[in-house]
Amino acid sequence: MSIERTFSIIKPDATRRNLTGAINAMLEGAGLRIIAQKRIHMSLEKAQGFYAVHKERPFFGELTEFMSSEPVVVQVLEGEDAVVKNREVMGATNPEEATEGTIRKEHALNIGENSVHGSDSLENAGIEIAYFFNDDEIVG
Ligand code: CMP
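Quantities reported herein were computed from a predicted structural model and do not represent experimental measurements. Sequence order as written defines residue numbering, which begins from 1 separately in each chain. With pLDDT at 70 or above as the cut-off, local features in this predicted model cover only qualifying residues; side-chain atom pairs require 80 or more to be listed or tallied, and sums for whole chains, interfaces and linings still use all residues. Calculation of side-chain values draws on the structure's entire complement of heavy atoms; hydrogens and water are dropped beforehand.

The full set of residues close to the ligand is Lys 11, Tyr 51, His 54, Phe 59, Glu 62, Leu 63, Thr 93, Arg 104, Ile 111, Gly 112, Asn 114 and His 117. In protein, a polar contact requires one atom able to donate a hydrogen and another able to accept it; more generally it is a pair of N or O atoms within 3.5 Å, and residues adjacent in sequence count only if both atoms are side-chain atoms. One of the side-chain N or O atoms of Lys 11 is found 2.8 Å from an oxygen atom in the ligand. One of the side-chain N or O atoms of Asn 114 is found 3.3 Å from an oxygen atom in the ligand. Each accessible area is a Shrake-Rupley result for a 1.4 Å probe, and residues are judged covered by the shown protein chains and nothing else. Isolated, the ligand exposes 460 Å² of accessible area, and the fraction of that covered by the protein chains is 80%. For this classification, Asp, Glu, Lys and Arg are treated as charged, while Ala, Val, Leu, Ile, Met, Phe, Trp, Tyr, Cys and Pro are nonpolar and the rest, including Gly, are polar. Residues belonging to the shell around the ligand are distributed by class as follows: four nonpolar, five polar and three charged. Residue proximity to a molecule or strand is established when one non-hydrogen atom of the residue lies within 4 Å of it.

Structure representation (structure tokens):
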């Protein structure tokens, strides 16, 4: 086990429904520390760059338009095995498949409007954190 940092987004479906605090409580309850956080309204170009790995997928347009439609909260989370821990508390991508007690089971609307994003590996966490945060915005 080691202390890791991972990247998280509270998506527009959740900010719209005033769920930022409820989701943060679930993250903190899982043992993750929110060591950086800001509410932003992403441009379509920023969303397209973030999700570039999915650009050939049929849902790419829908995904990037959704992520740039309304404000999101971008976060850096820190803790023991933070990447895996965050994915556990998020639950499965499709809320219909998510375990009871997870963020997506409790709050997600569907596979697209699924309330949160979390990095899938430590390597991607570093890339995704750097895509949204400068070093001086992460104070620990
Ligand atoms: P996220 O963890 O942000 O990474 C990629 C996103 O694509 C994923 O969460 C889902 O919200 C979205 N996604 C995956 N599959 C579909 C789909 N079939 N239709 C719409 N969005 C999808």
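Alright, that's what it looks like, and here's the rest.
This part covers the sheet that holds strand β1 (residues 3-10). Here we have four strands laid out as an open sheet, ordered β2-β3-β1-β4, and antiparallel in their pairing. Every interior strand has two partners, whereas the edge strands, β2 (33-40) and β4 (116-118), have only one. Here the average twist between neighbouring strands, direction ignored, is 20°. In terms of strand pairing, β1 meets strand β3 (residues 72-80) through eight bridges, oriented antiparallel. Bridge pairing links Glu 4 to Gly 79 in β3. When DSSP locates at least two bridges between a pair of strands, those strands are taken to pair. Helix and strand definitions follow DSSP, with helices as H or I runs of at least four residues and strands as E runs of at least two, each counted in order from the N terminus. Every axis corresponds to a line fitted to the C-alpha atoms, with the helix fit spanning only the stretch in contact, and the corresponding angles, defined between N-to-C directions, vary from 0 to 180 degrees.

Now for the packing of aromatic side chains. Aromatic contacts are taken between Phe, Tyr and Trp rings whose centres are within 6.5 Å, Trp giving its six-membered ring; a plane angle under 30 degrees counts as stacked, one over 60 as edge-to-face, and the others as tilted. Using the criterion set out here, one finds six aromatic pairs in the structure. With a centroid separation of 4.8 Å and 80° between ring planes, the pair formed by Phe 50 and Tyr 51 is classed as edge-to-face. Considered together, Phe 50 and Tyr 51 belong to a single accessibility category, that of buried residues. An aromatic cluster is built from Phe 7, Phe 50, Tyr 51, Tyr 131 and Phe 132, whose rings are joined through pairwise contacts. Comment: the charge-over-ring label is applied if NZ (Lys) or CZ (Arg) is within 6 Å of the ring centre and within 35 degrees of the ring normal. One residue, Lys 38, lies across the ring of Phe 133, its end atom 4.7 Å from the ring centre. Stacked on the ring of Tyr 131, the Lys or Arg Lys 46 has its end atom at 4.3 Å from the ring centre. Partly exposed describes any residue whose relative accessible area lies between the buried limit of under 20% and the exposed limit of over 50%, with all areas from a 1.4 Å probe on protein chains only and scaled to the type maximum.

On to helix α5 (residues 82-90). Of all the positions in α5, only Ala 82, Val 83, Asn 86, Val 89 and Met 90 are classed as buried. Angular distribution of buried residues about the axis of α5 spans 135°; they occupy a single face of the element. Residues count as neighbours in contact if any of their non-hydrogen atoms are within 4.5 Å of one another. Along its buried surface, α5 packs onto β1, α2 (20-29), β3, α6 (103-107), β4 and α7 (122-132). Following α5 by one or two positions, Gly 91 adopts a phi angle in the positive range, close to 90°. Here, the arc refers to the directions that run from the helix axis to the C-beta atoms.

On to α7. Regarding α7, the residues found buried are Ala 125, Glu 128, Ile 129 and Phe 132. Buried residues along α7 cover an arc of 105° about the axis, so they all sit on one side. Exposed side chains of α7 directed beyond 90 degrees from the buried face belong to Glu 123, Ile 127 and Ala 130. Structurally, α7 contributes buried residues whose contacts are with β1, β2, α3 (44-50), β3, α5 and β4.

Within the element layout of this structure, Met 1 appears in the segment before β1. Judged by its relative accessible area of 82%, Met 1 is exposed. As for Met 1 and Asp 81, which are separated by 80 residues in sequence, their C-alpha atoms are 6.0 Å apart. Those residues in contact with Met 1, other than ones at most four positions away along the chain, are Glu 80 and Asp 81.

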